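Listed below, chain by chain, are the residues.
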Amino acid sequence: CDEKPDCLDGSDENLCGPRTDPNRAENCDPEICRLPDCFCSPTSTKIPGALAPSDTPQMVMITFDDAVNSNNFDIYKRLFNGQRKNPNSCDIHGTFFVSHKYTNYSMVEELYRVGHEIATHSITHNNDESYWTDGDK
């Protein structure tokens, strides 16, 4: 950190270190932050409700961005082939954040039919900030 505003948001660097990051979140105050609306773990190891680690549900979210087409559909079929199961014996599923360009919608419909979640990523994949701010282009 050189104390010069090098970033677009006027901050110094994006990450100088975990304790010196100018964009880090404020420290959580356990006296203010209370379940069910808020939970903070000062050590990042405290589990809500004082559950034992062995009794704590674990979740893994698998997501994909952009087009679904012949370049990746066979990979998704191999990954979600019914051989990988959740602890309750149900098949694993993913969430697909689909962009319009280059997408084969028949393949998207098949992913949805077999239980995956489909979300929109964008129509244009336009990275120009004014496009999203103004919403009129």
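Residues numbered from 1 in each chain as written. Predicted model: local features only at pLDDT ≥ 70, side-chain atom pairs only at ≥ 80, totals over all residues. Heavy atoms only, no water.

Quick look at the overall build of the chain now. Helix and strand counts for the chain stand at three helices and three strands. Listed by position from the N terminus, the elements making up the chain come as β-α-β-α-β-α. In the chain, which comprises 137 residues, the proportion classed as buried is 21%. Here the contacts in the chain between residues at least 6 apart in sequence split such that 30% fall between residues at least 24 apart. Of the roughly 11000 Å² that the chain leaves accessible, carbon and sulfur atoms contribute 52%. (Helix = DSSP H or I, 4+ residues; strand = E, 2+ residues; numbered from the N terminus. Buried < 20%, exposed > 50% of the residue type's maximum accessible area, 1.4 Å probe, protein only. Contact = heavy atoms within 4.5 Å. Areas by Shrake-Rupley, 256 points an atom, 1.4 Å probe, with all protein chains shown as cover.)

Our next topic: unusual backbone geometry. Glycine aside, negative phi is the norm for most residues, and most peptide bonds take the trans geometry. Residues other than glycine seldom take positive phi values, yet Asp66 does so here, at roughly 85°. Along the chain, the position of Asp66 falls in the loop between strand 1 (63-65) and helix 1 (73-79).

A few words now on the pairing of strand 3 (residues 117-122). Sheet topology places strand 2 (residues 95-99) next to strand 3; five bridges connect them, and they run parallel. Its bridge partner lying in strand 3, Phe97 is registered against Ala119. The parallel pair strand 2 and strand 3 is bridged by helix 2 (residues 105-113), and the resulting crossover is right-handed. (Pairing = 2+ DSSP bridges. Right-handed = clockwise from strand over helix to strand, strands pointing away.)

Turning next to the side chain of Thr95. Along the chain, Thr95 falls in strand 2. A polar contact is formed between the side chain of Thr95 and the side chain of Glu117, at a distance of 2.9 Å. Setting aside anything within four residues of it in sequence, one finds Thr95 in contact with Ile62, Thr63, Phe64 and Glu117. (Polar contact = N/O pair within 3.5 Å; in protein donor to acceptor, adjacent residues only side chain to side chain.)

A few words now on the state of the cysteines. The full count for this structure, using the stated rule, is one disulfide. Paired by a disulfide, Cys33 and Cys38 hold their sulfur atoms 1.7 Å apart. Here Cys33 and Cys38 share a disulfide; its torsion about the S-S bond, -95°, makes the bridge left-handed. Overall, Cys33 belongs to the buried group, its relative accessible area being 9%. (Disulfide = S-S within 2.5 Å.)

Before going further, it helps to spend a moment on the pattern of salt bridges. Scanning all chains against the criterion turns up four salt bridges. Taking the shortest distance from any N to any O, the salt bridge between Glu31 and Arg34 comes out at 3.2 Å. (Salt bridge = Lys/Arg side-chain N within 4 Å of Asp/Glu carboxyl O.)

This brings us to the side chain of Thr56. Note that Thr56 resides in the segment before strand 1. Judged by its relative accessible area of 18%, Thr56 is buried. Separated by 2.9 Å, the side chain of Thr56 and the backbone oxygen of Ala52 make a polar contact. Setting aside its immediate chain neighbours within four residues, Thr56 contacts Ile47 and Leu51.

As a further point, take the layout of surface pockets. Of the voids in this model, the largest pocket is the one considered here, and its volume is about 380 Å³. Lining the largest pocket, in full, are Gln58, Met59, Val60, Met61, Ile62, Asn86, Pro87, Asp91, Ile92, His93, Gly94 and Thr95. Among the residues forming the lining of the largest pocket, the class breakdown is six nonpolar, five polar and one charged. (1 Å grid on protein atoms, 1.4 Å probe; cavity = no way out; pocket = protein on both sides within 12 Å on 5 of 7 lines; lining within 4 Å. Points joined across faces, edges and corners; volume = space filled by probe spheres on them. Nonpolar A, V, L, I, M, F, W, Y, C, P; charged D, E, K, R; others polar.)

Below, the discussion takes up the nonpolar core. Core analysis: the biggest nonpolar cluster contains ten residues, these being Phe64, Val68, Phe73, Tyr76, Phe80, Phe96, Val98, Met107, Val108 and Leu111. Of all the secondary-structure elements, those providing two or more residues to this core are helix 1, strand 2 and helix 2. With three residues, helix 2 is the single largest residue contributor to this core. In contact with Phe96, other than residues within four places in its own chain, are Phe64, Val68, Tyr76, Phe80, Leu111, His116, Glu117, Ile118 and Ala119. (Core = buried A, V, L, I, M, F, W, Y, C linked by side-chain atoms within 4.5 Å.)

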